[in-house]
Amino acid sequence: MRHLFNVLLLAAAILVAAGDAEARRRSKAKPATSSETAAEARDSNTLCNGGMMITADDQIKGCTALIKSGRQSREYKAVAFYNRGNAYVGKNDFGRAIADYSEALKLKTDYAQALFNRAVAQRVSGNPQAAVADYSSSLSLSPNDADALAGRGSTYVSLAMHDKAMHDFNRALALKPGHMVALTQRGHAYVRLQQWAAAITDYDAALAISSTNVEARYGRGVAKIYSNDTTGGQTDMATAMAIDSGVTARMTVLGIPPPQIKAEREPQ
């Protein structure tokens, strides 16, 4: 897992998911020679690198100190911007996160992790075209990145570009057959295309990996109802809503609203 972005994936509900969830390894900043004392530099470095015991505010403080410090390499400063962007994600401040990832990329144009994280932030912020561009740039640097393929495919689904989405999901799953995001999002695409059996197959595979994947369970419920398994579908949807009451609204935004179930006519 190469990208430390579990907070964003949770915020995006992607999955996801991410997360997908799909975590990305954090780059490590190194103390720089500057006007700071050695102790101050070490403290800022520790905070900027983050961790379970470091709050987002403290990480931002540490990274800001490093960015403002004296002599340092471009790459070193790029890592500090990148890590501060991740901290802003933890505060759901995606605008500042995008700005910091952009600063990191000015300093290090081949920073694939920054491109990936900015793509997810753009997607969460409602900028799908910008997200596709960043995912594509990330993939030009790392063409076999299953996470980036799944993310771009998910964005294509939101743009109703289903052929491109399927191509990306299929590539991601060829690289990583159990990729949770690709399976779940491809299932969503199949539902939107009204290919119920294919959707159920993908959702089954995702749920075999994680039975608490509420989007897969809810989506499978929708697909079952349209496949005339109303009881099974209602059970899946109810289970998903019991785990996460917000899943219905989230799936509706994804283009998968709850089915309208006709009441059975009482016998005469």
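Notes on the structure in this doc start here. (Residues numbered from 1 in each chain as written. Predicted model: local features only at pLDDT ≥ 70, side-chain atom pairs only at ≥ 80, totals over all residues. Heavy atoms only, no water.)

Further remarks concern the nonpolar core. Counting 42 residues, the largest nonpolar core has Y135, F169, V191 and Y218 as the members making the most contacts within it. Broken down by element, the residue count for this core peaks at seven residues, all from helix α10 (residues 180–192). Here F169 is in contact with A150, G153, S154, V157, A182, Q185, R186 and A189, once residues within four sequence places are set aside. Counting 22 residues, the second largest nonpolar core, distinct from the first, contains C48, L66, F81 and L105. (Core = buried A, V, L, I, M, F, W, Y, C linked by side-chain atoms within 4.5 Å. Buried < 20%, exposed > 50% of the residue type's maximum accessible area, 1.4 Å probe, protein only. Helix = DSSP H or I, 4+ residues; strand = E, 2+ residues; numbered from the N terminus. Contact = heavy atoms within 4.5 Å.)

Let's shift gears to helix α12 (residues 214–226). Taking 1.5 Å per residue, 13 residues should reach 18 Å; α12 reaches 19 Å between its end C-alpha atoms and fits that length. Burial within α12 is extensive, with 12 of its 13 residues counted as buried. Those residues of α12 lying buried are V214, E215, A216, R217, Y218, G219, R220, G221, V222, A223, K224 and I225. Close packing links the buried residues of α12 with α10, α11 (196–209), α13 (230–243) and α14 (247–253). (Expected span 1.5 Å × (residues − 1).)

Attention shifts here to α10. Compared with the 18 Å implied by 1.5 Å per residue over 13 residues, the 19 Å span of α10 between its first and last C-alpha is a close match. The buried fraction of α10 amounts to 12 of the 13 residues, a majority that puts the element mostly inside the structure. Every buried residue of α10 is listed here: M180, V181, A182, L183, T184, Q185, R186, G187, H188, A189, Y190 and V191. Looking at the buried side of α10, the elements it contacts are α6 (112–124), α8 (146–158), α9 (162–175), α11, α12 and α14. Phi turns positive one or two residues past the end of α10, at Q194, with a value near 60 degrees.

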